[in-house]
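Fold and contact review
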4 protein chains.
Amino acid sequence: MKHFITQLTQLQNPMKITPADFRGVFGIMPTPATEDASRWQTQQSVNLSETEKMVRFLNTAKIDILATTGTFGEGATLTWPETQLFVDCVVQTNKRSRPLFAGVTTLNTRDTIERARVLVDIGVDGLFVGRPMWLAMDDKSIVRYYQDIAAALPGVPMVAYDNPVAFKGKISTEAYLELAKIPEVVASKHTGGPALAKDMRAVGEKMRILPLATAWLAAAQELPELALAAWSGSVACAPTVNMALSQAILAGDWQRAKELSEKCNWAESAMFVGGDLAAFMDYSIQIAHLRFAAAGLVNPGPPRPPYLELPDNYRDGAIECGRRWKQLESEFSA
Amino acid sequence: MKHFITQLTQLQNPMKITPADFRGVFGIMPTPATEDASRWQTQQSVNLSETEKMVRFLNTAKIDILATTGTFGEGATLTWPETQLFVDCVVQTNKRSRPLFAGVTTLNTRDTIERARVLVDIGVDGLFVGRPMWLAMDDKSIVRYYQDIAAALPGVPMVAYDNPVAFKGKISTEAYLELAKIPEVVASKHTGGPALAKDMRAVGEKMRILPLATAWLAAAQELPELALAAWSGSVACAPTVNMALSQAILAGDWQRAKELSEKCNWAESAMFVGGDLAAFMDYSIQIAHLRFAAAGLVNPGPPRPPYLELPDNYRDGAIECGRRWKQLESEFSA
Amino acid sequence: MKHFITQLTQLQNPMKITPADFRGVFGIMPTPATEDASRWQTQQSVNLSETEKMVRFLNTAKIDILATTGTFGEGATLTWPETQLFVDCVVQTNKRSRPLFAGVTTLNTRDTIERARVLVDIGVDGLFVGRPMWLAMDDKSIVRYYQDIAAALPGVPMVAYDNPVAFKGKISTEAYLELAKIPEVVASKHTGGPALAKDMRAVGEKMRILPLATAWLAAAQELPELALAAWSGSVACAPTVNMALSQAILAGDWQRAKELSEKCNWAESAMFVGGDLAAFMDYSIQIAHLRFAAAGLVNPGPPRPPYLELPDNYRDGAIECGRRWKQLESEFSA
Amino acid sequence: MKHFITQLTQLQNPMKITPADFRGVFGIMPTPATEDASRWQTQQSVNLSETEKMVRFLNTAKIDILATTGTFGEGATLTWPETQLFVDCVVQTNKRSRPLFAGVTTLNTRDTIERARVLVDIGVDGLFVGRPMWLAMDDKSIVRYYQDIAAALPGVPMVAYDNPVAFKGKISTEAYLELAKIPEVVASKHTGGPALAKDMRAVGEKMRILPLATAWLAAAQELPELALAAWSGSVACAPTVNMALSQAILAGDWQRAKELSEKCNWAESAMFVGGDLAAFMDYSIQIAHLRFAAAGLVNPGPPRPPYLELPDNYRDGAIECGRRWKQLESEFSA
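Going by what an unreviewed UniProt entry lists, chain A is known as Aldolase and is assigned to Acidovorax carolinensis. Under the Sequence similarities (unreviewed entry) heading, UniProt states for chain A: "Belongs to the DapA family."

Right under this line is the structure:
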């Protein structure tokens, strides 16, 4: 099955990216949706003009590394033709200005490899790879999965997507030790929490373990040599704020980093209203759409099926979160 | 994206199937694999001659309703072209001899609808529909998901696939009450356990709730008017035994049903060696391949990536399970 | 087994408490610990002078209803003699100034009833009742558990403790409907999230469903007749702030309630640093000790075994949370 | 709080038990209940004459090591006075004929230590120790918990109880490596599954990892030097059969071991009817009562609150399981 974008972009070769190149913000973006994206009848739900606009402002803000089609970026709900269309648009707009990692999580190894090949062809620099989730995978299977993808696409850098809720279990420290031996696996979007420091120490310089941006400062103070990059899901809300935090941390300016970290926490925390942290994750797509809309930089449009419903008590928090990011961004980009 | 099988089969129209038509065994089949199916390089992993052979013996045994591409039938690990090839082969062999439901579970509503349309075009009589599982879905989302599919394919019967481990949560009794109002949702492959009788009572005649075959007798004795069909994952191991159990239960011959139920339990139970029931489900694909191979009626070939690894302590149990089915089948088909 | 506090307090009879009496803040308190409380050798780990001080300031602030020995109040880690000593101290200090509910969650029905009887004897007005958690309980078992306690202590009001993480599953809406028929079950500490509004509507006036204080405003705007009380785990951090929020909501002053709600969110949210919401709950005892200490009103002392370890990345957030409450409290109590 | 059994038994000193002493069957027994044990009003629910009878036949069968008050032996639902009464009865009947391990799982470290001291005083030889389960414990906390108990009771052997469903998570291989350094932790009742061989290899001779009896043969064939003992929950159903299996495995008579293992599997497997393996564990207490009653050697009486309810579809399987054990036992003890 060949991909449908026949006119391949004539860009320079993919960048060679190593763990050391992960320095700063790994910014995960949403996939802006057309007004009719919540309807099952819609065949093309990607809002390309908003996509272009978004990639431009992420470039302007100099977000260090860009990533597409994770969880809230709707890796699950885009059709494959839409994914290609969207990623092609990002590639064409980005023009290799920043390294770009495209999400290729599917229900099996071969589909992920197929998608990876097409998207590398289209011009992405690396892959953002979660694992099949119909059944949970054990350590051996997880390692083999990444080995297989690396074998199929030698030299193409991968960021492992370690999301225990989505993929039915955390990547264990032991599995990280094996993944760190695969040259292609250069980084991991980590879930944070108690395992963060342990996993960072375990893999050392061989892989860049990425904490969430709001957990970055603590990690950087504990492991300054290793915590040189973080992931953020709010670069499309407030790119300037994210980069200010990054600069403060990388400069070792703990005082300023603390102030910025607190501001980011203040913004993010608005989402967690309602009390049930366990259920919160189930609505992260719907919440993200409201959050980005309220932040005002990009019009994310409505969510795509089947992730459409959102209980009222999450709604306000999501909107408030976006508003806070908007307030911070206007403060910082002034 | 059009499907690649251009020469559509010229068969009679799809059967109209109601809950009352679910009487007997809903037999879920594996997807036989080629010898190289475990390699990520393999592009076409469906063993078509084994598929034909399998469908023929399921027809000969008069399994009441056939189903494809569930969990062990590798709905997750087949590529979409392979699914079409496989289902087309089943359709051509089955020749509408038995009603055929094809699994169309994907990561989102639109992909499932797209697959459903293509497979109905190819000639299946109904759909076997699990839900997207990247994020867990709440009751409202589950109901809307099935409503959307019904709206997209009016009149096409669906069997809901209620697998709490795979799809991150059971369909609640309240959600069943809503699903029962959708005419297209004619049945549900139920997970069994404490909710079985409750859910059966809740939906009554409006939907056929299918217990596992080994749990059928108890359900039939408790709710004889409602427990008129069951699902089985072992029809490709021992079709004759499955049908004998079905006949005994539907004839109300409890004594014979009890004997047969015990024999089936004896066979199935060999799988559960090793002690950790919670982990067992994670290996159901790998276990199924060993089980079908040992039963000897169909050559299932090796599993497909990423579900390849199997701890030793599950291996023996899986093989023993298949051997027991083989023994029973030879006893009954004599 | 008789309790060891022989000289029973001579106080007026227990208050008769109905769902309608739940109006305002249900404030859950910690159990202050002695300096050596983390050692397994310690036999009496309750800091009684801090307990007195705490109850006095909660009284001064007029927290509507008081509760002891939940999760962070270390219902799990106190010995039974310590629980009696602590609750007796709270009773003697409180002097029925505010209704007092004591936590009596154990591993079985009879132990909970025994504890309940002794604590009612000591002088508590009601019971705060989680359920046995060695094995998960189904709906029927949950309902019977509360029925049994009500039968053993007729007329003693109970607040059901609905904590899905601690007690292995949420109380379902169907179970709530049954619990609402038990006159003794007057309220429930709810987990919040998607089920909150649904459960509130289901039980109506028959039981007071309590959202978390930071989720109260949204609930009050949606269901103003029903959302008349909320639970708070931060009354020992900032009682004045909690009461200010309560007054604004009960007065229907949405503008002021919004301001206050945001301030509370700002304080609470500092805890959620680190990224892994799923793991966060596992450390709620340790986090609470740091939080209360930083807030400065009560000296909670160190945590009790086995809940002693805390990963670094939760530590800072916990302390920051306490600091924010301190800042808010000094602002409001000025 | 002192225990109420003042007249301590005059028996020889506790046996010194090492990992090497774990050879054969670690047999976990139920706690026989009086006819009124399901009522919350019952104060003394232990059937002492049945207890004596049971310990005598376990002695006659020469079950290698005895254990009390695990999950189905109702560690959760006995009151503390009942536990002492029951264990005292077992001790007095057993007369140090076989090493005896008593379950001391509670909600915290100090209660477990207190119980351990009293039960060692009463005359048990070792402790069977699960962990507090109100909140999940991480690796560090698990290790410290066992270290603390060992420090409080130096020289008293412990069997770690590794039940992921009950105690909210498996003991990791890394934690096992630390536990193996504690001389008192001589063995672990393992959950089986994929981690079994890995954990056995990790700890080697320093700790005896016990598989479930039905998984023992496979483990013994893979790791003959290490798999020298197993745990069984069916010694009170069919002690002779359990010992026959043990002798065959320890003699390396694989053929006979296979036959016996299959017979045991046939008996055990009857329980798993109903289809929902995930829910099965929640009912293990209720199922055990029916199973032991049907096996006929001991009268277990009814279950204790709150674990009283059992869906119909588990009932038949539980009874059938007991019947099969009865059939096997009569065959083997003839």
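Helix and strand counts for chain A stand at 13 helices and 8 strands. Its C-alpha atoms give chain A a radius of gyration of 18 Å, near enough to 20 Å, the size a compact globule of 334 residues would have. Projecting the C-alpha coordinates of chain A onto the three principal axes gives extents of approximately 50 × 45 × 40 Å. Taken over 334 residues, chain A has a buried fraction of 70%. Counted over contacts in chain A with a minimum sequence separation of 6, partners at least 24 positions apart contribute 74%. For chain A, the exposed surface amounts to about 10800 Å²; the carbon and sulfur share of it is 51%. Positive and negative side-chain charges in chain A, numbering 33 and 36 respectively, have mean positions lying 3 Å apart.

This part takes up the sheet that holds strand β4 (residues 126-129) of chain C. What links the strands of a sheet is backbone hydrogen bonding, and the strands pair in either a parallel or an antiparallel sense. All names here are of chain C. Here we have 8 strands laid out as an open sheet, ordered β7-β6-β5-β4-β3-β2-β1-β8, and parallel in their pairing. The open sheet has two free edges, formed respectively by β7 (208-210) and β8 (229-232), since each of these has just one partner strand. Taking the axes of each pair of neighbouring strands and ignoring which way they run, one obtains an average angle of 20° across the sheet. Bridging between strand β1 (residues 24-28) and strand β2 (residues 65-68) involves 3 bridges; their strand directions are parallel. By the bridge assignment, Ile28 is partnered in β2 with Ala67. Where helix α4 (residues 139-152) meets the sheet, its contacts fall on β4, β5 (158-161) and β6 (185-189), and the angle it forms with β5 comes to roughly 155°.

Moving on, we get to the relation of the copies chain A and chain B. Mapping chain A onto chain B calls for a rotation angle of 180° and an axial translation of 0.0 Å; the resulting RMSD is 0.0 Å. Here the two chains are linked by the operation of a two-fold rotation axis. It is Met133(A) whose C-alpha, among those of chain A, lies nearest the rotation axis, at 3.6 Å.

Each partner contributes residues to the interface: chain D has 54 residues there, and chain C has 54 residues. In terms of surface lost to chain C, no three residues of chain D exceed Trp40(D), Arg110(D) and Trp134(D), which account for 22% of the buried area on that side. Between chain D and chain C we count 4 salt bridges in total. Among the salt bridges present, the one from Glu82(D) reaches Arg110(C), with a minimum N-O distance of 2.6 Å. At the junction of chain D with chain C, the criterion picks out 20 residue pairs in polar contact (both at pLDDT 80 or more). Of all the secondary-structure elements, those providing two or more residues to the side of chain D that touches chain C are α3 (109-122), α4 (139-152) and α11 (284-295) of chain D. Sorting elements by how many residues they give to the side of chain D that touches chain C places α4(D) first, with 7 residues.

What follows concerns helix α4 (residues 139-152) of chain B. Residue and element names in this part refer to chain B. Look at α4: 20 Å from first C-alpha to last across 14 residues, which is about the 20 Å you get at 1.5 Å a residue. Taken together, the buried positions of α4 are occupied by Ser141, Ile142, Val143, Tyr145, Tyr146, Asp148, Ile149, Ala150 and Ala152. Considering only its buried residues, α4 is in contact with α3 (109-122), β4 (126-129), β5 (158-161), α5 (173-179) and β6 (185-189).

Turning next to the relation of the copies chain D and chain C. At an RMSD of 0.0 Å, chain D and chain C line up after a rotation of 180° and a shift of 0.0 Å along the axis. The residues that chain D uses at the interface reappear at the interface of chain C in 100% of cases, marking a shared surface.

The next subject is the pairing of β8(C). Residue and element names in this part refer to chain C. Both faces of β8 are covered, namely the face carrying Ala229 and Trp231 and the face carrying Ala230 and Ser232. When β1 meets β8, the two strands line up parallel, connected through 4 bridges. Bridging from a neighbouring strand, Gly27 pairs with Ser232 of β8.

Here we take up the packing of helix α9 (residues 239-250) of chain A against helix α13 (residues 312-332) of chain A. All names here are of chain A. In contact at an axis separation of 7 Å, α9 and α13 are set at 70° when each is read in the N-to-C sense. When the interaxial angle is binned, α9 and α13 end up roughly perpendicular. α13 is crossed by α9, and the crossing has left-handed handedness. Taken together, the residues of α13 that come into contact with α9 (itself represented by Pro239, Thr240, Val241 and Ala244) are Trp325, Leu328, Glu329 and Phe332.

Residue and element names in this part refer to chain B. At their nearest, the axes of helix α2 (residues 80-94) and α3 sit 9 Å apart, and the two run at 30° to each other. In terms of their interaxial angle, α2 and α3 are classed as roughly parallel. Considering the relative orientation of α2 and α3, their crossing is right-handed. Between α2, through Trp80, Thr83, Gln84, Val87, Asp88 and Val91, and α3, the contact on the second element is made entirely by Arg115, Val118, Leu119 and Ile122. Among the residues making up the contact of α2 with α3, the classes are represented as 6 nonpolar, 2 polar and 2 charged.

Before going further, it helps to spend a moment on the interface of chain A and chain B. The interface of chain A with chain B comprises 54 residues on the first partner and 54 residues on the second. Both faces considered, chain A and chain B share a buried interface measuring about 4700 Å² in area, 61% of it formed by carbon and sulfur atoms. Ranking the residues of chain A by area buried against chain B places Trp40(A), Arg110(A) and Trp134(A) at the top, with a combined share of 23%. Counting every contact that joins chain A to chain B gives 20 residue pairs in polar contact (both at pLDDT 80 or more). For the side of chain A that touches chain B, the element with the highest residue contribution is helix α4 (residues 139-152) of chain A, accounting for 7 residues. Counted by class, the side of chain A that touches chain B contains 26 nonpolar, 15 polar and 13 charged residues.

Residue and element names in this part refer to chain C. Looking at where Asp125 falls in the secondary structure, it is placed in the loop between α3 (109-122) and β4. Among the polar contacts made by the side chain of Asp125, one reaches the side chain of Arg96 at a distance of 2.4 Å. Of note is the side chain of Asp125, whose polar atom sits 2.8 Å from the backbone nitrogen of Leu100.

This paragraph deals with the packing of aromatic side chains. Counted under the stated rule, the structure contains 44 aromatic pairs over all chains. With 5.1 Å between their ring centres and 85° between their planes, Tyr161(B) and Phe167(B) make a pair best called edge-to-face. We classify Tyr161(B) as buried; its relative accessible area is 3%. Relative accessible area serves as the criterion here: at 0%, Phe167(B) is assigned to the buried category. Between Phe22(C) and Phe26(C) the ring centres are 6.0 Å apart and the planes differ by 40°, which places this aromatic pair in the tilted class. Neither residue differs from the other here; Phe22(C) and Phe26(C) are each classed as buried. Taking NZ or CZ as reference, Lys189(A) lies 3.6 Å from the ring centre of Trp231(A), over its face. The ring of Phe72(D) is capped by Arg291(D), whose NZ or CZ atom sits 5.6 Å from the centre of that ring.

As a further point, take helix α6 (residues 195-203) of chain C. Along an α-helix, residues three or four apart share an orientation, since each turn contains 3.6 residues. Of the residues making up α6(C), those classed as buried are Ala195(C), Leu196(C), Ala197(C), Asp199(C), Met200(C) and Val203(C). If you follow the buried residues of α6(C), they end up packed against α13 of chain A together with α5 (173-179), β7 and α7 (213-222) of chain C. Gly204(C), located one to two residues past α6(C), shows a positive phi value of around 55°.

Turning to the pattern of salt bridges, a few remarks are in order. Working definition: two side chains of opposite charge can pair if their charged atoms are close together. All names here are of chain A. Per the counting criterion, the structure on display carries 60 salt bridges over all chains. Lys53 is the partner of Glu50 in a salt bridge, and the nearest nitrogen-oxygen pair spans 3.1 Å. Pair noted here: Glu50 and Lys53 are both in helix α1 (residues 48-60), with a separation of 3 residues, about one helical turn. By sharing partners, the salt bridges in this structure join Asp162, Lys170 and Asp199 into a single network.

Scoring rules and cut-offs
- Residues numbered from 1 in each chain as written.
- Chains lettered and ligands numbered in written order.
- Predicted model: local features only at pLDDT ≥ 70, side-chain atom pairs only at ≥ 80, totals over all residues.
- Heavy atoms only, no water.
- UniProt positions renumbered as here; feature names shortened; annotations may be inferred.
- Helix = DSSP H or I, 4+ residues; strand = E, 2+ residues; numbered from the N terminus.
- Rg over C-alpha atoms; globule rule 2.2 N^0.38 Å.
- Buried < 20%, exposed > 50% of the residue type's maximum accessible area, 1.4 Å probe, protein only.
- Contact = heavy atoms within 4.5 Å.
- Areas by Shrake-Rupley, 256 points an atom, 1.4 Å probe, with all protein chains shown as cover.
- Lys, Arg positive; Asp, Glu negative; His and termini not counted.
- Charge placed at Lys NZ, Arg CZ, Asp CG, Glu CD.
- Pairing = 2+ DSSP bridges.
- Axes fitted to C-alpha atoms, helices over the stretch in contact; angles between N-to-C directions.
- Least-squares fit on C-alpha atoms with pLDDT ≥ 70 in both.
- Buried area = accessible area lost by both parts, 1.4 Å probe.
- Salt bridge = Lys/Arg side-chain N within 4 Å of Asp/Glu carboxyl O.
- Polar contact = N/O pair within 3.5 Å; in protein donor to acceptor, adjacent residues only side chain to side chain.
- Expected span 1.5 Å × (residues − 1).
- Parallel < 35°, antiparallel > 145°, perpendicular 65-115°, else oblique.
- Left-handed = near helix turned anticlockwise from the far one by under 90°.
- Nonpolar A, V, L, I, M, F, W, Y, C, P; charged D, E, K, R; others polar.
- Phe/Tyr/Trp six-rings, centres within 6.5 Å; stacked < 30°, edge-to-face > 60°.
- Lys NZ or Arg CZ within 6 Å of the ring centre and 35° of its normal.

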